[in-house]
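Coordinate analysis (summary)
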Amino acid sequence: MSVRVVVADDQELVRIGFSMILQAQPDIEVVAEAGDGAEAVEAVRRHTPDVLLLDIRMPVMDGLEAARRVCAESDCKVVMLTTFDLDEYVYDALCAGASGFLLKDVRRDDLVHAVRVVAAGDSLLAPTVTRRLVADIVRRRRAEAASEVTPIRLDVLTAREVETLRLLARGLTNAEIATTMFVSEHTVKTHVSNVLSKLGLRDRVQAVISAYETGLVTPGGGEHNDPS
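Summarised in this report is the structure supplied together with it. (Residues numbered from 1 in each chain as written. Predicted model: local features only at pLDDT ≥ 70, side-chain atom pairs only at ≥ 80, totals over all residues. Heavy atoms only, no water.)

Helix and strand content of the chain: ten helices and five strands. Long-range contacts, defined as pairs at least 24 residues apart, comprise 66% of the intrachain contacts of the chain with a sequence gap of at least 6. (Helix = DSSP H or I, 4+ residues; strand = E, 2+ residues; numbered from the N terminus. Contact = heavy atoms within 4.5 Å.)

In structure tokens:
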């Protein structure tokens with residue numbers, strides 16, 4: 001079964017280029033293209049794709065608002081496209097439910113891999129630049145005025161679930177977490193599912209953000225042992 005994709009970018013050459021690369025794959029189908037945020041939202045509503053590649057800076061409706069609407073209205077996975085690896089809007093998009101981001105100069109193979117990974121229910125956490133982005137922006141946000149949003153409490157998690165979240169935030173895969181915790185990958189998947197459910201999170205990216213925001217993991221790499 002093919003992965004259905006919508007490509008949304010206001011730069012026609014970028015949009016066409018990404019579409020051609022993805023359409024050439026036997027397991028990926030580009031079902032629509034969009035030139036602004038409003039078109040992207042409408043395309044998702046009309047075509048119900050598995051993945052939306054969405055430029056973060058878009059006319060008519062910006063990518064952040066488009067991502068927020070798509071994530072709220074559907075199960076479509078959103079991958080943000082950006083020119084800047086430290087674009088602060090990316091953080092807001094991740095909090096809105098996006099599953100990760102790609103730089104527009106991404107290599108062909110990495111683009112295809114990203115679409116497959118996200119469609120399979122994982123998220124783009126492995127690249128160092130992603131972890132650096134989340135860590136740097138969370139550090140700045142935590143230094144600002146206290147948020148009006150009720151903070152997430154980690155005390156609803158078991159000790160093993162807290163450890164799973166800590167390892168997720170370090171960028172480990174399920175296999176690596178399983179090895180570290182001396183458990184099976186199936187057990188890790190269960191722990192991850194429990195973490196998302198108990199904390200009311202959409203995916204692994206939001207789990208990582210929560211780990212930083214609660215102080216379970218700090219931007220410098222240190223970790224707190226007390227989850228409360």
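With that settled, consider the packing of helix α7 (residues 159-169) against helix α8 (residues 174-181). Contact geometry of α7 with α8 gives a least axis separation of 10 Å together with a crossing angle of 130°. Taken together, the axis directions place α7 and α8 in an arrangement best described as oblique. For the crossing formed where α7 meets α8, the hand is right-handed. For the pair α7 and α8, contact is made by Arg-160, Glu-163, Thr-164, Leu-167 and Leu-168 and by Ile-177, Thr-180 and Met-181, respectively. Per-class residue counts for the contact of α7 with α8 are four nonpolar, two polar and two charged. (Axes fitted to C-alpha atoms, helices over the stretch in contact; angles between N-to-C directions. Parallel < 35°, antiparallel > 145°, perpendicular 65-115°, else oblique. Left-handed = near helix turned anticlockwise from the far one by under 90°. Nonpolar A, V, L, I, M, F, W, Y, C, P; charged D, E, K, R; others polar.)

Bringing unusual backbone geometry into the picture now. The backbone phi angle of Val-60 is positive, close to 70°, even though this residue is not glycine. For Val-60, the location among the structural elements is in the loop between β3 (51-55) and α3 (63-73). Val-60 sits in the exposed class, given a relative accessible area of 70%. At Phe-182, a residue that is not glycine, the phi angle is positive and equals roughly 60°. Tracing the sequence through the fold places Phe-182 in the loop between α8 and α9 (185-199). (Buried < 20%, exposed > 50% of the residue type's maximum accessible area, 1.4 Å probe, protein only.)

On to the packing of helix α2 (residues 37-47) against α3. Between α2 and α3, the shortest axis-to-axis distance is 9 Å and the interhelical angle comes to 15°. Taken together, the axes of α2 and α3 are roughly parallel relative to one another. Crossing geometry of α2 relative to α3 is assigned as right-handed. Each of Gly-37, Val-41, Val-44 and Arg-45 in α2 lies in contact with α3, whose residues at this interface are Ala-66, Arg-69, Val-70 and Glu-73. Each residue belonging to the contact of α2 with α3 can be placed in one class, and the counts come to four nonpolar, one polar and three charged.

Below, the discussion takes up the side chain of Lys-104. Of note, Lys-104 is situated in the loop between β5 (100-103) and α5 (108-119). Judged by its relative accessible area of 18%, Lys-104 falls in the buried class. Among the polar contacts listed, one links the side chain of Lys-104 to the side chain of Asp-9, at a separation of 3.0 Å. Within the structure, the side chain of Lys-104 is placed 3.1 Å from the side chain of Asp-55, a separation counted as a polar contact. Aside from chain neighbours lying at most four places away, what touches Lys-104 is Asp-9, Gln-11, Phe-18, Asp-55, Leu-81, Thr-82 and Thr-83. (Polar contact = N/O pair within 3.5 Å; in protein donor to acceptor, adjacent residues only side chain to side chain.)

Another point: the pattern of salt bridges. By the definition in use, this model includes twelve salt bridges. Linking Arg-45 and Glu-73 is a salt bridge whose minimum nitrogen-to-oxygen distance equals 2.8 Å. Here Glu-73 lies in helix α3 and Arg-45 lies in helix α2, a separation of 28 residues in the sequence. In this structure, a network of salt bridges that share partners links the residues Glu-42, Arg-45, Arg-46 and Glu-73. (Salt bridge = Lys/Arg side-chain N within 4 Å of Asp/Glu carboxyl O.)

Of the residues making up α3, those classed as buried are Gly-63, Leu-64, Ala-66, Ala-67, Val-70 and Cys-71. For α3, the buried positions fall inside an angular range of 160° around the axis, keeping them on one side. Regarding α3, its N-cap is Asp-62, as a side-chain oxygen of that residue lies 3.1 Å from the backbone nitrogen of Leu-64 further along. (Arc of directions from axis to C-beta.)

On to the sheet that holds β3. The sheet built from five strands is open, its strands ordered β2-β1-β3-β4-β5 with parallel pairing. The sheet is open, and its two edges are formed by β2 (28-34) and β5, each paired on a single side. Neighbour-to-neighbour, the strand axes of this sheet turn through a mean angle of 25°, independent of strand direction. Note that β3 and strand β4 (residues 77-82) share five bridges and pair parallel. Each bridged residue has a counterpart across the sheet, and for Leu-53 the counterpart in β4 is Val-79. The sheet strands contacting α2 are β1 (3-8), β2 and β3, and the helix crosses β2 at an angle near 135°. (Pairing = 2+ DSSP bridges.)

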